[in-house]
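Each chain, written out:
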Amino acid sequence: MCGIVGYIGTQKASPILINGLLRLEYRGYDSAGIGVLENGAISVMKDKGRVNNLYNIDGINDLSGTIGIAHTRWATHGVPSKENAHPHKDNSGEFAVVHNGIIENYNDLRKFLTDKGYNFYSQTDTEVIPNLVHYYYHQDEKDDEQRLLRAVNNACKDLKGSYAIELISKEHPDMMIVVRKDSPLVIGKGYKENYISSDIPAILSFTKDFYLIDDNEIAVLTRENVEFYNDNLEKVDKKLESIEWSATAAEKDGYEDYMLKEIYEQPNAIRETIGSRLPEDGPCYFEDLDFSKEYLSSINKIYIVACGTAMHAGLVGKNMLEKLCKINTEVDIASEFRYRDPIINEKTLCLFISQSGETADTIAALKLAKSKGAKTLAISNVIGSSITREADYSIYTHAGPEIAVASTKAYTSQVVLIAILAIYFAEILESEHYAILKDLKQEVLSLPAKVENALKSNKRIQDFARKVYNEKDMFFLGRGVDQTVALEGSLKLKEISYIHSEAYAAGELKHGPIALVEKGITVVGILTDPKLVEKSISNIQEVITRGAKTFIITNQELPADKFDMIIKVPEVNPLLSPIVSVVPLQLFAYHISKEKGLDVDKPRNLAKSVTVE
Ligand code: F6R
């Protein structure tokens, strides 16, 4: 998804901007550009393709201005091209803008501006913004310090949709304006310099002090100061937040790819997720939650709403909440939930899971649930992210920054966090025996070591990946909770290896999809629930008879000669088994992608943070 960087200070802006863009590359993009203000003009340099291509643009190294804006674009309106790349200027060249998000009414605004004599040179929705600002700026007869702020605010009032905007003006060489609505943006505070970015890792090497700008707020940045206003242009006080992550936590740490690093970080990420929430003696504890028995008993339904991998974590969570808390729990895809008029009222608790906390559909679903009177609880990895600011309650996975597009440690830490949440609810509700909950807590505490153990199969998984990486189709099968892991394994494989795969409940195969099974196809079986293993083996037998190769993830003793490869993982309570059994599936997808020579961290067509609908 698009990325934004900005700088105002005393140093040359262009290297800081390009460096920031490079750190945002993981979000996915198709073009990049910077705009630097110097000698009374704004120089815009942009192109299609990689950020590094910017270095080939004539004159880019000579830019000496100390204020600038920068952008990586992921096309929504208009093809990836130099013309459509940001920054965009207004017709007179007075203002330059970079923008994330989508302006839904840009056609109407284009018409309005065209009627006033403005011309458009790109296919983007963004180009209306600098021209609208120009329009309002020159409509304003008062030439005081706030003229630019007023013009930007007036322009924003005309915009429908989502946006994070950075604007510079040649008439105001010592000022930058940023605005945010439903699109991420943070401001980093330095000494006599300030930074802007779509997310924290891009500027973490410059500062650890951040302001989190809220929806519909405008910030005016000078070298010395950052001032915040609401959309009535009243001043807003902001607290400076300090971020604990080190810049190196966002680097690769010697691993070939971010994805592999993040897979190996899982034991630690899970430890961080557990933190102090499972005290040795005493009930589960969440610093930011204060649910009463009375309230929890009044809930008649829990919805878990999320997208992609986060939704798969929700499927595991459903199982836990229903088993431990005896509350009917439904999982929904955010993009479906938001448009299907779900039955929600004040007796509904809605959980929203989002690693980034910026997924547009999940945020919209949350707003819908709130508007219908439900209590909302966000589960995110990013402190201060949009979803956590909208929700009634927020709890964090604390898994550290996840850079690879394919989510790994976020999934396992989300599942761990929901497990602790389910135990916390069950303790308050007294809906499950004390001894069972006590055992389960011990099992949660044992997870880092068990995941560590599962990682030891890496070499054998790589060997098997080498045998099958050229295949065109694969199936992932499991029953019960293993089926939810099958979905996640299949998604991981698709997204980074581009191999078509399907996940099925093992018992469902013979109702249609088995017609696709023939010699050469690979079937991945996840067999961890002792009660269901025998049944699943019978289903796997059916595909073996039809010539499929089999790759089995299990914690049971199975006859080695029956399958092409068995990966044994440590045994754990079936409610928690996805946290361990997903690890070989992540490694399997990783090695297949590597064997195919693909870009593991930045798969085609995908973005880390899906901030548009
Ligand atoms: C897949 C993946 C995506 C995300 C989904 C939701 O590996 O990463 O499916 O899980 O886009 O993202 P968040 O959790 O940021 O809302």
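First, a word on scope: everything that follows refers to the structure included in this document. Keep in mind that what you see is a predicted model, and the values were worked out from it rather than measured.

A count of helical and extended segments in the protein chain gives 17 helices and 25 strands. In terms of overall dimensions, the protein chain is globule-like: its C-alpha atoms have a radius of gyration of 26 Å, near the 25 Å expected for 613 residues. Considered along the principal axes of its C-alpha atoms, the protein chain spans approximately 80 × 55 × 45 Å. Evaluated residue by residue, the protein chain yields a buried proportion of 61% over its 613 residues.

With that settled, the discussion passes to the environment of V572. Of note, V572 is situated in the loop between β25 (565-568) and α17 (577-595). Measuring from C-alpha to C-alpha, the distance between V572 and D529 comes to 9.4 Å, with 43 residues separating the pair along the chain.

So, about the site of the ligand. The immediate surroundings of the ligand are formed by 13 residues, with S354, Q355, S356, T359 and E495 found nearest. Between the ligand and S407 there is a distance of 2.9 Å, counted from an oxygen atom to a backbone nitrogen or oxygen. The side chain of E495 places a nitrogen or oxygen atom 2.5 Å from an oxygen atom of the ligand. For the ligand, the accessible surface in isolation is 400 Å², of which the surrounding protein chains cover 90%. Mapped by element, the contributors of at least two residues to the shell around the ligand are α8 (308-325) and α15 (481-497). Sorting elements by how many residues they give to the shell around the ligand places α8 first, with three residues. The class makeup of the residues in the shell around the ligand is four nonpolar, seven polar and two charged.

So, about the sheet that holds strand β5 (residues 88-89). Spatially, seven strands are ordered β5-β6-β7-β8-β12-β13-β14 in an open sheet, and the strand pairing comes out antiparallel. At either margin of the open sheet sits one strand with a lone partner, and together these are β5 and β14 (235-236). Sheet topology places strand β7 (residues 161-169) next to strand β8 (residues 172-181); seven bridges connect them, and they run antiparallel. Bridged to E166 within β8 is V178. Its contacts with the sheet place helix α3 (residues 128-139) against β5, β6 (95-103), β7 and β8, and it is angled at close to 125° to β6. Sitting on the sheet, helix α4 (residues 147-158) touches β6, β7, β8, β12 (217-221) and β13 (226-229), and the angle it makes with β8 is about 25°.

Another aspect to go through is the sheet that holds strand β24 (residues 549-554). Spatially, β22-β21-β23-β24-β25 is the arrangement adopted by the five strands of the open sheet, whose pairing is parallel. This sheet does not close on itself; its edge strands, each paired only once, are β22 (500-505) and β25. Each strand axis lies, on average, 15° off the axis of its neighbour in the sheet, ignoring direction. As paired strands, strand β23 (residues 522-527) and β24 are joined by six bridges and run parallel to one another. Pairing of V524 across the sheet is with F551, part of β24. This element, helix α16 (residues 533-545), spans β21 (473-478), β23 and β24 of the sheet and lies at about 175° to β23.

Take α15 next. For α15, with 17 residues, the first-to-last C-alpha span of 25 Å sits near the 24 Å given by 1.5 Å per residue. Burial analysis of α15 places 13 of its 17 residues in the buried class, the great majority of the element. Y498 sits one or two residues past α15 and shows a positive phi near 60°.

This structure, assessed with the given rule, holds two cavities of 30 Å³ or more. Taken as a whole, the second largest cavity holds about 120 Å³ of empty space. Residue lining of the second largest cavity: 16 residues in total, with C2, W74, T76, H99 and G101 positioned closest to the centre. At the level of elements, β4 (67-73) and β6 are the ones that each hand at least two residues to the lining of the second largest cavity. When residues in the lining of the second largest cavity are grouped by element, the largest group, three residues, is from β6. When grouped by side-chain class, the residues that make up the lining of the second largest cavity number four nonpolar, 10 polar and two charged.

Attention now moves to the pattern of salt bridges. The full count for this structure, using the stated rule, is 36 salt bridges. We note a salt bridge from R150 to D140, for which the minimum N-O separation is 2.8 Å. Of this pair, R150 sits in helix α4 while D140 is found in the loop between α3 and α4, placing the two residues 10 residues apart along the sequence. For E557, the salt bridge is made with K568, and the minimal N-O distance between the two is 2.9 Å. Linking E557 in the loop between β24 and β25 with K568 in strand β25, this pair joins segments that are 11 residues apart in sequence. Here the salt bridges share partners, and the residues they tie into one network are D140, K142, D144 and R150.

What counts, and at which threshold
- Residues numbered from 1 in each chain as written.
- Predicted model: local features only at pLDDT ≥ 70, side-chain atom pairs only at ≥ 80, totals over all residues.
- Heavy atoms only, no water.
- Helix = DSSP H or I, 4+ residues; strand = E, 2+ residues; numbered from the N terminus.
- Rg over C-alpha atoms; globule rule 2.2 N^0.38 Å.
- Buried < 20%, exposed > 50% of the residue type's maximum accessible area, 1.4 Å probe, protein only.
- Near = heavy atom within 4 Å.
- Polar contact = N/O pair within 3.5 Å; in protein donor to acceptor, adjacent residues only side chain to side chain.
- Areas by Shrake-Rupley, 256 points an atom, 1.4 Å probe, with all protein chains shown as cover.
- Nonpolar A, V, L, I, M, F, W, Y, C, P; charged D, E, K, R; others polar.
- Pairing = 2+ DSSP bridges.
- Contact = heavy atoms within 4.5 Å.
- Axes fitted to C-alpha atoms, helices over the stretch in contact; angles between N-to-C directions.
- Expected span 1.5 Å × (residues − 1).
- 1 Å grid on protein atoms, 1.4 Å probe; cavity = no way out; pocket = protein on both sides within 12 Å on 5 of 7 lines; lining within 4 Å.
- Points joined across faces, edges and corners; volume = space filled by probe spheres on them.
- Salt bridge = Lys/Arg side-chain N within 4 Å of Asp/Glu carboxyl O.

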